[in-house]
Structures are given as C-alpha cells and as structure tokens.
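Here is how the chains run, residue by residue.
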Amino acid sequence: MSCVIESENEALSQEHNRENILQFLGTLMHQLNKYGYCSIRMGESCTVHLKVAPKIYDPPPVQDQDVPVFLKEKQNLKLGHWDLTTQQILSYIDGFKHVAKIAGEADVEINLVKSCLQNLVHYQVIKVIPIFQYCNVYTSRPDIQTLYTNKRLQEECIKFVAKKGSLQPPNFRDIFLIYCSLGPGVTVKDICARFNPHALKIDERKLIQFGLMKGLLRRLQKYPIKFPGDVMTSVKLQQLYPWFNGRHSYDEICSKTGLSHQDLEEKIETDPSIVISWK
Amino acid sequence: MTDFDPVSILLVTSGTRGERLLFQYPNFETARTHQDIAKSKRRNVYSVRIAEDVVTVSSPVSSNTGTLSGFSKAILANLLSVKPALCGQPFDLKVDDLRFIGFPMLLDQSTKQQTSGKISHQIGSFNIVFVLKASVDQSVINCYFDLVKQLTGAIKYEESRRQYLSAEAKIMISIHDDIASLPEDQMHFPYDLIQTKSSLARDLRTAYESVKDKGVVHLYVNKWIEVTFCLPHKVHSKSSAALSVKVNPEVIQRCIEALRPYHGVLLLVDGQNLLDTLSTDCTPALNRLINVIIQQPVRSLQIIALEADLSLSQVFQLVSHLVYWGKATIVYPLCESNVYLLSPSSNIKMNSKIAEEFVQLFPGRSLAVELSEFSYPTKLWDTQDMLNKQQKQQEEKVSMVVWLLQHGLIHQLHTYVFLMPPLKSRLCVEDRTSSFSDVTSVNSDESQIHYQSPSSELASDGSFISEEIKGFMPMEDTMSKLTREEQDYMLNLSAAKNTDDLRLFLRLCPYFNGLHHFEEIMFYEDLTRSQLLTLLDKFQDVLITCQIKKKRSCPTMYGKRPARNSSYNYVQIKT
C-alpha cells in the first residue's frame with residue numbers, strides 16, 4: 001500500500017507531504033480505535049481501507065434434543081440468502097420441533113442439520129432452546145425485572161404468547177404471574193393445573209418459548225447420580241449406570257440411549273442408590 | 001494453561017556495552033522438544049497464508065507453540081531494551097500472537113558515577129518483561145503492568161541503595177560469558193545455572209510461578225522491598241470450585257460498589273492462616289476486622305463495624321479489599337429464613353476433588369447427596385428441623401451451608417416484589433413522560449377540588465381519605481406510574497381502609513419494582529419480616545412476588561435506596 005502511495009504522490013520523499021502523513025496516521029489510529037475500521041483517501045486513485053477483524057468464537061454445538069427458534073419474523077428471512085441444505089431445513093423450524101425430528105422430516109443427515117443450525121445461530125437468525133415438555137422445570141432469571149419495566153417487551157410478549165384464534169389478547173398480569181410462579185420444584189404441568197393458561201388466552205408453550213428466547217427463564221436440568229451400593233436392579237438399569245455420574249442430564253441420556261423420559265424416570269425410581277440433582 | 005497465565009518472564013538491560021537478555025524463565029530451549037509436540041496442533045494445515053506485503057520479512061516467531069522459541073536472544077534484547085525517551089512508562093509490544101508487557105526504567109547515572117565510577121560496564125536502563133498471549137484482555141494487561149511496575153520500582157530502589165541490579169547483572173553476565181566460552185559440544189543453556197547463583201533471578205522465577213499457580217505474588221526483592229500483587233482474574237476463577245466461570249475485575253468492582261451495610265462477609269480461606277500471611281506493615285484495622293470475622297462469622301457489616309470499632313466506610317473498604325484478593329465473599333448474613341438453591345454452575349460430578357474434600361470435613365456424608373437436597377429451595381432451618389434435630393445436627397447443617405457457600409456451590413434466593421394491580425385495560429408501566437403530566441394534572445385538579453369544596457362531594461370518610469392521599473401522590477414514584485383507574489382500584493381495596501396499613505404500603509411502594517428484595521426493604525425501612533409479610537399478605541391482590549437469585553453483575557439489583565420525592569415524605573393523612 002505504502003509503495004503505491006509513494007509512487008503516486010511521492011508521499012514520503014517530498015518534504016511538504018510530511019504533514020499529510022502525520023495527519024494520516026492520526027486519523028488512522030483514531031478511526032481504528034473508535035470504529036474498528038477506516039477508509040482514508042490518499043490521493044487520486046488510492047483509498048486505504050483497514051479493518052480490525054473481531055475475534056469470532058464458534059457457537060456451542062447443537063444437540064439432538066435442542067429446539068431451534070427464529071429470533072426474527074420468518075417472513076422477513078431471505079431464503080435465497082442461504083445454502084441449499086439450510087433452505088431445506090428452514091421451513092421445518094417452527095419453534096417446537098427438535099433437531100432430530102427436523103432432520104427426519106427434512107430428510108437431511110442429522111450432522112448436516114446440526115452444522116447448518118450452528119451456522120444460523122452464529123448469524124443470530126435462530127436460537128436453540130431446550131425441548132418443551134410438560135414435566136420440565138423452569139425458573140425465572142433476574143432479568144425478569146426488565147419485563148416489568150420494558151413496555152415494548154411487554155407488548156411483544158403479549159403478542160407472542162397469545163393463544164391462536166383468540167380474539168382478545170391475554171392480560172399481562174396473568175403472564176407475569178405465571179412467569180413469577182415458575183421455580184424449582186414446579187413443573188409446567190403444575191402451572192397449567194394451577195392457572196389454566198388456556199382460559200387466560202395464553203399458549204403455555206409459547207410462553208415458555210418467549211421466556212427462554214429473551215433470557216427471562218432458565219431451564220433446570222435433572223442430573224441423576226449413582227452411588228456405590230449393591231442394589232438388586234434390572235440389568236437394563238445397570239447398563240445405564242455409566243451415565244449417572246452427574247455430568248449428563250436426563251435430556252442427554254434420553255436422546256443418547258433412545259429411552260423415553262418416562263421410561264428413564266420409572267427405572268430410576270426403582271433404584272434407591274440414585275439421587276437426583278436439579279440445577 | 002489459561003489465557004491470562006504468563007508465557008515467560010524476561011530481564012533485559014541496556015548499558016554501555018549494548019543490550020543483553022540477562023535472564024529468561026521458563027527456559028524454552030530445553031523445554032521446546034516436548035512442548036512442540038504437545039502444542040503443535042495447527043489450526044488448519046491447508047489454510048492459505050495470505051501473501052503479505054512484499055517488504056515484510058517472514059516473522060521469526062513460531063506462533064502456534066505459544067512459546068518464545070522463535071526469538072533469538074539478540075532479537076529479544078534488541079526489541080525490549082528501549083530508548084531513554086520511553087523509559088518510566090508502560091511498555092506494550094505485540095509481535096504476532098505474543099504480547100510483551102514491561103515497564104522500562106532508567107537508572108540514575110549521576111549517583112552511580114560517584115560511587116562506582118570504575119566499573120567498566122554500566123547499566124543505563126533495564127526492563128522486566130512479562131510475555132503474555134496476545135489475545136488477553138486489556139484488564140489483564142493492566143494488572144500485569146501493575147506487577148511489573150512494582151518489581152521494577154523495587155529493583156530500582158535497591159539499585160540506588162546497594163547497587164543490587166549491577167551486582168546481580170554481573171553474576172548473570174559472567175555465567176553467560178563462561179558458558180559461551182565453552183566448546184560447542186559442552187554448551188548448555190545458562191538460565192538454570194543463573195537461578196542457583198542469582199537471587200534476583202530466583203525472585204523473578206518466583207514472581208512468574210506464583211502468578212501462574214495462584215495468581216497472587218508475595219515476595220521481597222533483595223529480602224527488603226515487599227512486592228504484593230493479585231491477578232483477580234486468576235484468583236476468582238480459582239476460588240470458585242464451580243465449573244469455569246469467567247470473572248473480570250470490572251464485575252468484582254461493581255459488586256464491591258454494591259456493598260450494603262446489611263451484607264455479611266464470608267472468609268474463603270482459614271482466618272488464622274490469613275492473619276499469618278498478612279504483610280507485616282498492613283493496617284492494624286485489617287487485623288482487627290479479620291479477628292472479629294473469625295470470632296463471629298457471617299454477621300452483617302454494620303455489626304462487624306461496631307464490634308471492630310471501625311467506621312462503616314472503613315469496613316467497606318477493607319472488605320472490598322478482601323473480596324478483590326479472593327479472600328472473602330459477600331453473602332447475606334446467615335439467618336433461619338434464608339433460602340438456598342443449587343447454583344447452576346456448580347460441579348456435581350461424582351468423585352471430583354471437591355467431593356473428597358467434603359467427605360474429609362463431614363465424615364459420613366456425601367457431597368452429591370447434600371447437594372441434591374438443594375435442588376429445591378431450602379431454608380437454612382426448616383421448622384421441622386428445629387423440632388426434630390439435635391443442636392449438634394443443626395450446627396453441622398449451618399457449617400455445611402457455609403462450606404457450600406464458600407465453594408460457590410449454592411446461592412441464595414431472594415424474594416422480590418412487583419406492584420401490579422389486576423386490571424385488564426393496560427400495561428403496568430406507562431410511558432414516563434405521559435404519566436408524569438397525567439399525574440400532575442390529576443394533582444392540580446384534585447387539590448383544587450379539595451380546597452374549593454372540602455367535603456361536599458365526598459360522602460364517606462374512607463373515600464375522603466383516599467382522595468386526600470391521591471392529592472399528595474408522589475410523582476416520580478411507582479404509584480405515579482399507575483393510571484388513575486389503578487390508583488382507584490388500590491385505594492378501594494379492603495386493606496386500604498386501614499390507614500396505618502395504607503400508609504405503610506404507600507411508603508413501601510417504591511420498593512415494589514423488582515429491584516429490592518425483602519431483606520433490603522426490611523433493612524431500609526426498619527421492619528421485621530413478619531410486619532412485611534403481613535402487609536404483603538393484605539395487599540396480595542395487587543402484588544406479585546418472585547423468588548430469584550440476586551443479579552450479581554448488576555449493582556442496581558442490590559438496589560440503592562430509592563430516591564424519594566420530597567413530596568412523598570409529606571403524605572398527610574387526616575383521620
């Protein structure tokens with residue numbers, strides 16, 4: 001670059017250009033520090049474009065049991081923007097289907113789906129959230145306070161969680177009350193029994209989805225831990241013991257072993273040497 | 001090796017005989033063989049190296065080993081010994097993926113010439129340099145500047161006192177020369193030998209190793225000048241037994257700013273041990289404070305201040321100091337109504353090191369079982385526990401909770417209150433500007449009505465009072481953000497008929513925005529828990545409570561006492 005400028009303007013060799021150089025360096029530093037990039041015109045045909053590349057980290061890998069959710073309106077997405085595989089997947093993302101199901105329905109190899117989704121996470125088109133189940137436990141995060149003060153978020157929330165087909169929007173107080181009632185030891189099933197969200201014109205699945213997307217809620221995962229101790233149990237359960245070391249959540253064990261949540265729950269309940277931690 | 005660990009420490013001098021790299025630790029030349037194998041994972045072998053400018057020469061750094069092996073001694077010496085103009089200020093140089101942090105110092109030539117004029121080689125300036133990875137945060141770099149400045153300052157002082165640096169440099173140079181003069185096949189690297197001979201080299205090694213191991217440096221340069229330093233990034237990521245949590249000093253700083261008199265302090269290290277390791281010339285106030293904390297663990301800072309006979313602000317400063325150094329953490333004082341929950345970042349793996357530690361302290365118990373108890377919000381003392389368990393068991397439970405808190409495995413839940421009357425029509429918080437004008441207009445109307453016709457329009461006494469209060473409604477407070485409809489609703493509540501209750505409720509209204517937890521409201525308004533609970537119970541129709549973790553990184557969560565509008569203090573209630 002400096003060679004070009006030199007040959008064109010004699011920037012360095014000419015005495016009177018010294019000041020320009022100083023000014024150039026000054027602007028360069030200032031703009032790079034302030035904006036992270038700069039475009040400075042140097043003479044007739046030369047413009048100096050510089051950019052400090054930000055450090056980009058890969059988003060965490062997508063798991064089989066994760067559910068992708070759009071962060072923007074689906075209609076606003078330009079389909080042609082993406083590669084063919086991603087285009088194929090996009091239409092199957094509805095905020096409820098998990099990765100394995102999407103892979104099955106779209107007839108795309110699951111690892112491809114995962115990497116496509118990871119790419120979409122990077123571009124902040126989607127966010128992955130844990131799969132919805134009525135036995136799930138969620139707890140509100142301190143950010144719930146923002147929902148109380150931020151009017152725009154409230155309106156967005158009301159619009160999002162409204163039950164399909166109901167004419168009147170739900171009452172915000174009801175929504176907020178349900179969010180605040182979520183906590184350790186309370187499953188979504190319990191909440192439904194207590195508040196009957198359908199009567200309140202609230203779609204509970206959307207409610208949870210919105211909370212997770214905006215970081216108002218956090219899912220509490222269940223971790224079984226096996227203790228050394230001789231308990232006569234079925235061979236099938238003993239095969240599962242390696243999973244019960246406190247590293248693997250129910251979701252993970254289910255998706256890796258192909259067991260259903262209920263099966264696993266029943267099996268574990270028979271064994272008193274297994275304790276369960278929620279976190 | 002984490003990102004903020006130093007790669008190496010160097011000592012460079014420049015003087016009448018040119019620049020020299022006197023000391024380097026660790027010794028990369030010997031370590032290179034196995035480090036190369038361990039770290040030779042290339043990002044992508046096939047990646048195209050973008051052709052650089054024609055004039056750029058290929059860089060000498062072997063950039064992906066994370067070591068200094070690509071630099072020759074001469075290059076390092078040349079790079080790091082700076083011109084006098086740059087001395088006395090931070091030195092920061094980045095070469096590829098390494099960053100050199102130093103604080104070059106000019107030695108005072110005039111004094112030297114008087115005392116040691118005969119010595120042929122004179123050191124003009126020296127530079128102690130920490131080599132870091134280039135990717136580290138600016139805040140880490142600033143911390144290293146601190147350390148390097150302290151070391152440099154100490155050495156400079158010792159040089160002026162007893163020519164410490166000159167003497168040490170002489171030792172190092174002679175070893176370098178001896179080894180250089182050996183025949184080639186016997187040549188080995190001089191730095192190990194230097195460490196055995198030179199105390200300065202040993203000090204530098206200690207500084208490097210203790211930063212790398214513990215994040216805390218405490219040493220005496222030349223057995224005389226004390227150097228103490230703490231790298232908070234390292235200290236705090238170590239102190240939590242939880243899974244890796246990234247902590248930077250800004251967060252700690254904000255936590256410290258959020259200190260309140262009702263907070264308690266929990267030592268993370270053994271108190272007696274801490275007292276012993278304190279520097280000899282530290283303030284006696286710190287000693288006193290730690291003694292009080294040892295005797296009465298987890299009291300509120302207010303009580304600690306009284307016991308230690310220190311001012312509250314002094315206690316705040318000392319405690320902040322302890323927190324910064326990773327010696328203590330801030331908790332809410334233990335009391336029976338505290339609710340704890342398993343922390344999401346806690347390590348519940350079987351057979352981990354921390355589990356063994358737990359078993360040693362509490363024989364016959366298992367960490368995983370105890371932690372699973374905290375899967376649900378657990379009170380420090382359940383009422384059932386009070387009846388069933390022996391005193392001893394209760395004490396054990398308390399000490400267990402303390403241990404779990406110290407290791408960051410559980411955290412406390414606080415109850416926050418939101419004001420939200422059940423009305424269909426609107427959202428709870430109005431636009432500030434519109435509500436403000438609304439209320440002022442309401443106010444003026446109301447007062448006019450009131451003063452013009454004191455009682456003619458108002459039938460019952462109760463509603464009269466309500467109207468009166470509305471006239472003095474605080475404008476900036478939470479109540480004022482409600483519509484008139486909502487205000488009416490609240491004032492028509494059956495609980496609002498009792499003027500004392502209503503008065504208290506209005507007084508507490510500014511706290512009901514989800515920023516202030518029970519304990520804070522109790523402290524600021526001087527209420528007991530039962531008083532507060534009764535009030536909330538009476539007004540439960542318009543309130544929503546939520547039990548959540550205190551937001552650590554946001555100081556407002558701890559909440560400053562809400563600023564009261566002056567008008568608010570003069571709510572008048574006629575009876």
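Not measured: the values here are computed from a predicted model. (Residues numbered from 1 in each chain as written. Chains lettered and ligands numbered in written order. Predicted model: local features only at pLDDT ≥ 70, side-chain atom pairs only at ≥ 80, totals over all residues. Heavy atoms only, no water.)

### Re helix α13 (residues 312–324) of chain B
Residues and elements named next belong to chain B. Cut-off, in case you're wondering: For helices the rule is a DSSP run of H or I covering at least 4 residues; for strands it is a run of E covering at least 2, with both sets numbered from the N terminus onward. Given the number of residues in a helix, its expected span is that number minus one, multiplied by 1.5 Å. Only protein chains enter the area calculation, which uses a 1.4 Å probe; residues under 20% of their type maximum are buried, those over 50% are exposed, and those in between are partly exposed.
Between its first and last C-alpha, α13 extends 18 Å over 13 residues, near the 18 Å set by a 1.5 Å rise per residue. For α13, every residue scored as buried is listed here: V315, L318, V319, S320, L322 and V323. Following α13 by one or two positions, G326 has its phi on the positive side, about 70°.

### Observations concerning the confidence of the model for chain B
Residue and element names in this part refer to chain B. For clarity, the threshold we go by: Confidence per residue, as judged by the predictor, is encoded in pLDDT with a range of 0 to 100. Contact definition: two residues touch when any of their heavy atoms are within 4.5 Å.
Residues at a pLDDT of 70 or more form 70% of chain B, whose mean pLDDT is 73. Here residues 50–66 is modelled with pLDDT under 50, and outside its nearest four sequence neighbours on either side it reaches 20 contacts, counting other chains as well. In the model, residues 553–575 has pLDDT below 50 throughout and makes 63 contacts with residues more than four positions away in sequence or in other chains. Taken over the whole predicted complex, pTM reads 0.74, whereas the ipTM for its chain interfaces reads 0.78.

### Let's talk about the pairing of strand β6 (residues 123–133) of chain B
All names here are of chain B. For clarity, the cut-off: If DSSP finds at least two bridges between two strands, the strands pair.
The buried fraction of β6 is high, at 10 of 11 residues. Direction of pairing for strand β1 (residues 8–15) relative to β6: antiparallel, over a ladder of eight bridges. When the sheet's bridge partners are listed, V12 is paired in β6 with N127. Where strand β4 (residues 98–102) lies against β6, five bridges are found, and the strand directions are antiparallel. Bridged to I101 within β6 is F130.

### Details of helix α21 (residues 499–508) of chain B
Filter applied, for reference: Two N or O atoms form a polar contact when they lie within 3.5 Å of each other; inside protein one atom must be a possible hydrogen donor and the other a possible acceptor, and for residues adjacent in sequence the pair counts only when both atoms belong to side chains.
Judged by how many residues are buried, α21(B) sits mostly within the fold: seven of 10 residues are covered. Backbone nitrogen of D500(B) and a side-chain oxygen of the N-cap are separated by 3.0 Å at the start of α21(B); the cap is N498(B).

### Looking at the environment of A201(B)
Residues and elements named next belong to chain B. Note on placement: A201 falls in helix α7 (residues 199–213). Take A201: its relative accessible area is 0%, and that puts it in the buried class. The spatial distance from the C-alpha of A201 to the C-alpha of L491 is 76 Å, given a sequence separation of 290 residues. Setting aside residues no more than four positions away along its own chain, A201 makes contact with F23, M172, I194 and Q195.

### Thoughts on the environment of V148(B)
Residues and elements named next belong to chain B. In this structure, V148 sits in helix α4 (residues 138–162). Taking relative accessible area as the criterion, V148 reaches 0% and is therefore assigned buried. On a C-alpha basis, the gap between V148 and V235 in space is 18 Å, while along the polypeptide they are 87 residues apart. Excluding anything up to four places from it in sequence, V148 contacts I101, G102, F103, I128 and F130.

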